[in-house]
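Chain by chain, the residues:
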Amino acid sequence: MTLKIAVCASGNGSNLQAIIDACAMKNFPAEIVCVISNKVDAYALERAKKAHIPSYAILPKDFEDRLAFEKALHAKMKEYNVDLICFAGFLWLVGAWFCEQWPNKILNMHPSLLPAFKGLHAPRQALERGVKIAGCTVHYVVEEMDEGAILAQTTVPVYSNDTEETLKMRIHYAEHQTFPYVIRAVAENRITWKGNNAYISS
Ligand code: GRF
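None of the values given here were measured: they were computed from a predicted structure.

Enquirer: Any chance you could explain unusual backbone geometry here in plain terms?
Expert: Leaving glycine aside, a negative phi is the common case for residues, and trans is the common case for peptide bonds. Put simply, leucine 114 and proline 115 share a cis peptide bond, and its omega is 10 degrees. The topology assignment puts proline 115 in the loop between β5 (106-110) and α5 (122-129). With a phi angle near 70 degrees, asparagine 27 is a residue other than glycine that sits in the positive phi range. Classification of asparagine 27 by relative accessible area gives exposed; the value is 65%.

If you want it as structure tokens, here you go:
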């Protein structure tokens, strides 16, 4: 059975594109059923349109409070019978209510090797700290920011002449391989748990 994914993105959507491209591959066990953005001008929405995927801008300012906004997000996911939600550059911290509706059903991509460098501008934080290995993390979303069980991490080197831009690009490239890898594992039921930790089995 094909896993139904919703992708939430606020910006450029290069991770969305990587997932679109993966889903277009023969025998990929997932499909994107809708793309949702909380920014009206997100390029991710254009990418969805080009790929003929239903896309929606659902804007927090149109709702009374954050819970009402998150209830609208949830309703859209239900409308499409979503199995898995992928946050791919989604600039929004979902609250307890939303997380409770989707336990271990939301993935987030973060541009660092968590638990290092949580929050914004992770590649910049990595450069400032002088680490020699950076990377990306796919983890389950829980209420606390950038917490939740880690599913996969990919490392990239940091070079002495890196700028924030060059490091970001290298991390992005790693992200584009890692997200589809994790989605495939979820779709193929290859996630196993040991206590609070999640692993992908082969
Ligand atoms: C990625 O670096 C991701 O790790 C972070 O936001 C960025 C989104 O990039 N959460 P894009 O919109 O997918 O190009």
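Enquirer: Help me understand the pattern of salt bridges, please; the structure alone is not making it clear to me.
Expert: Close approach of charged atoms allows side chains with opposite charge to pair. For the structure shown, the criterion picks out 9 salt bridges. As a salt-bridge pair, glutamate 70 and arginine 66 come within 3.5 Å of each other at their nearest N and O atoms. Of this pair, glutamate 70 and arginine 66 both sit in helix α3 (residues 66-79), 4 residues apart, which is roughly one turn of the helix. Here arginine 190 and glutamate 188 are joined by a salt bridge, their closest N and O atoms 2.8 Å apart. A relative accessible area of 16% means that arginine 190 is categorised as buried. A network of salt bridges, in which partner residues are shared, links Arg184, Glu188 and Arg190.

Enquirer: Mind showing me how you'd approach the nonpolar core here?
Expert: Soluble globular proteins tend to bury their nonpolar side chains together. Formed by 46 residues in total, the largest nonpolar core has its most connected members in Val7, Ile19, Ile32, Cys86, Leu107, Phe179 and Ile183. At 9 residues, helix α6 (residues 164-187) tops the list of elements feeding residues into this core. Phenylalanine 179 has contacts with Asn15, Ile19, Cys86, Phe87, Ala88, Leu107, Asn108, Met109 and Val138, leaving out every residue within four places of it along the chain. Counting 21 residues, the second largest nonpolar core, distinct from the first, contains Val33, Ile58, Ala72 and Ile85.

Enquirer: Would you mind showing me how to read the pairing of strand β1 (residues 3-8) here?
Expert: In summary, the side chains of a regular strand alternate between the two faces of the sheet. Counting buried residues in β1 gives 5 out of 6 residues, a clear majority hidden from the surface. Here β1 runs beside strand β2 (residues 30-37); their pairing, made up of 6 bridges, is parallel. Of the residues in β2, the one forming a bridge with isoleucine 5 is isoleucine 32. A crossover links β1 with its parallel partner β2, the connecting element being helix α1 (residues 14-23), and its sense is right-handed. Where β1 lies against strand β4 (residues 84-87), 4 bridges are found, and the strand directions are parallel. Residue pairing for β4: cysteine 8 is matched across the bridge by phenylalanine 87.

The rules behind the values
Just so you know, the residues in each chain are numbered from 1, in the order the chain's sequence is written. Predicted model: local features are reported for residues with pLDDT of at least 70 only, side-chain atom pairs are reported and counted for 80 or more only, and whole-chain, interface and lining totals are derived from all residues. Note: side-chain values were computed over all heavy atoms of the structure, leaving out hydrogens and water. Here a helix means four or more residues in a row that DSSP labels H or I, a strand means two or more in a row labelled E, and each is numbered from the N terminus. Each residue is placed in one exposure class: buried if its accessible area under a 1.4 Å probe, protein chains only, is under 20% of its type's maximum, exposed if it is over 50%, and partly exposed if it falls in between. Whenever Lys or Arg places a side-chain nitrogen within 4 Å of a carboxyl oxygen from Asp or Glu, that contact is recorded as a salt bridge. Among buried residues, the Ala, Val, Leu, Ile, Met, Phe, Trp, Tyr and Cys ones that are joined through side-chain atoms within 4.5 Å form a nonpolar core. Note on contacts: a residue pair is in contact if any heavy atoms of the two residues lie within 4.5 Å. The pairing criterion for strands is at least two bridges between them, as found by DSSP. Seen with its strands pointing away from the viewer, a crossover is right-handed if its path from the first strand over the helix to the second goes clockwise.

It is worth stressing that arrangement in space is one thing and function is another; only the former is reported here.
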